[in-house]
Amino acid sequence: GSADKDLSADEAAKLKGNVALIDRGLVAFTEKIRRAAEGGAIGVVVANNQPGFAFVMGGEGKFDIPAIMISQTLGDLIKRDLEAGVTIQFNTPDKIERPELIDTIADFSSKGPRSLDALLKPEISSPGRDIVSAAMGKGTAGVKMSGTSMAGPHIAGVMALLKQAHPTLSSVELKSILMGQAKSLTNSIGQTYPLSMQGAGRVQVDKSAAALVAADQVALSLGEVNLIAKKTVRQNINLKNLTGENLILLVRLKGNEALALEPLSVTLPAKESKSISLNVQISAQNMTESLKELDGIIEFVHGTVVHRIPVLAIARKISVLQSKGLSVAATSEDEASGAAADVTVTNSSPHDGQVLAFNLLGTDS
């Protein structure tokens, strides 16, 4: 059952010295464990009440008996075999390994872009699920947490290391080598996550510390773009060569087919900076939807990719509607009110448009 009510004397007598099998739901985990412990159970197994993996149960309280959660599938198997007898070993060297979760986005991670201006958010991904670290104020004890509570401090530590490795770079330049060396992430079936979920990708502190190039812009957030045919957006970026050798960089863009970059090659003298113009073309013809997040990565190649800048645009295909030919069959203003009228609307764009008719209820001052 669900252990949502106090046990009777008979139930407690049966439970004493055994392990309680309890279904998830109706009441808190701590309430279930408390009732089992008070009934004399030597341990608790909570079976999930929905498909998916088990997880670490939460809640306030301390108990002297072990308690774990198992999957719904395993719970069903145990229930099936209860009459034949089921034993449990709480202490085991075996571990459940989930290698398929490596470098995937947690299902609770937030998604962008930023609502007001469609700025690229998030900008970077870092470890943030079931991360073990030092427990604050607990001496040598550890704690396991998830979310930005772990991902944020991870990036703070990374930035401290990068500042140590490159003490003369500005904060923006340090951020550029952080994002410029990130690893693009794919889901369990090999599809690349959109930039509005992963930002530039997963942080790689070792590669960032060894970066060859820094920039004064970390991303090209092109915002909301209205398109009839195509539009070219120009962005100026200052590149800095961090090495003692001249670098010849090929600049290319990889990503959504509605985005394109005018071909560019740039020579960066050793330890010097140069300003370049990036012309990104956005084409409505290559958009499969009327409103679409378009993203890509601008790559700077010197034999291999030495720097990356993410690009994001929220593109909307628009129509051009014009109305004419209003005619009203009336001889006075009073008769005109509410009278039939004919309006011709033309669409001069290659995209479908909508005409929505409203009643005019009044006009203010």
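The shown structure was predicted, so the numbers you read here are calculated from the model rather than taken from an experiment.

As a further point, take the packing of aromatic side chains. This structure, assessed with the given rule, holds one aromatic pair. With centroids separated by 6.1 Å and ring planes inclined at 70°, the aromatic side chains of F29 and F55 adopt a geometry described as edge-to-face. You can see F29 sitting in helix 2 (residues 29-38) and its partner F55 sitting in the loop between strand 2 (43-47) and strand 3 (67-70), a full 26 residues away along the chain. The ring of F53 is capped by R98, whose NZ or CZ atom sits 3.2 Å from the centre of that ring.

For the rest of this paragraph, the subject is the sheet that holds strand 3. Here we have three strands laid out as an open sheet, ordered 1-2-3, and parallel in their pairing. Looking at the sheet topology across the chains shown, the edges are occupied by strand 1 (19-23) and strand 3. Direction aside, the axes of adjacent strands within the sheet are offset by 20° on average. When strand 1 meets strand 2, the two strands line up parallel, connected through five bridges.

Attention now goes to the pattern of salt bridges. In the structure shown here, the tally under the stated rule is 17 salt bridges. Its salt-bridge partner being K240, residue E173 comes within 2.9 Å of it at the nearest N-O pair. Pair noted here: E173 is in helix 5 (residues 171-180) and K240 is in strand 8 (residues 230-241), with a separation of 67 residues, a long-range link. The exposure class of E173 is buried, given its relative accessible area of 12%. Among the ionic contacts, a cluster of salt bridges with common partners joins D6, E31 and R35.

The antiparallel open sheet is built from four strands, whose spatial order is 6-8-12-10. For this open sheet the edge positions go to strand 6 (213-215) and strand 10 (259-261), each flanked by a neighbour on one side alone. Geometrically, the sheet is characterised by an average inter-axis angle of 40° between neighbouring strands, direction not taken into account. Here three bridges tie strand 10 to strand 12 (residues 273-283), and the two strands are oriented antiparallel to one another. Residue pairing across strands places L261 opposite V280, the latter belonging to strand 12. Its contacts with the sheet put helix 5 on strand 6 and strand 8, and the angle it makes with strand 6 is roughly 125°.

Rules of the game
Position numbers for residues start from 1 in each chain and track the written sequence from start to end. It should be noted that, the model being predicted, local features are given only for residues of pLDDT at least 70 and side-chain atom pairs only at 80 or more, the latter also being counted only at that level, while totals for whole chains, interfaces and linings use all residues. Based on all heavy atoms of the structure, the side-chain values leave hydrogens and waters out of the count. Here the aromatic set is Phe, Tyr and Trp, taking the six-membered ring for Trp, and pairing holds for ring centres within 6.5 Å; pairs whose planes are under 30 degrees apart are stacked, those over 60 apart are edge-to-face, and all others are tilted. Here a helix means four or more residues in a row that DSSP labels H or I, a strand means two or more in a row labelled E, and each is numbered from the N terminus. The rule for a charge over a ring is simple: NZ of Lys or CZ of Arg within 6 Å of the ring centre, and within 35 degrees of the ring normal. Any two strands between which DSSP finds at least two bridges are classified as paired. To define axes, lines are fitted to C-alpha atoms, for helices over the stretch in contact only, and angles between the resulting N-to-C directions are given on a 0 to 180 degree scale. Take a side-chain nitrogen of Lys or Arg and a carboxyl oxygen of Asp or Glu: if they are within 4 Å of each other, that pair is a salt bridge. Using a 1.4 Å probe on the protein chains alone, a residue whose accessible area is under 20% of its type maximum counts as buried, one over 50% counts as exposed, and one in between counts as partly exposed. By definition, residues are in contact when any of their heavy atoms lie within 4.5 Å.

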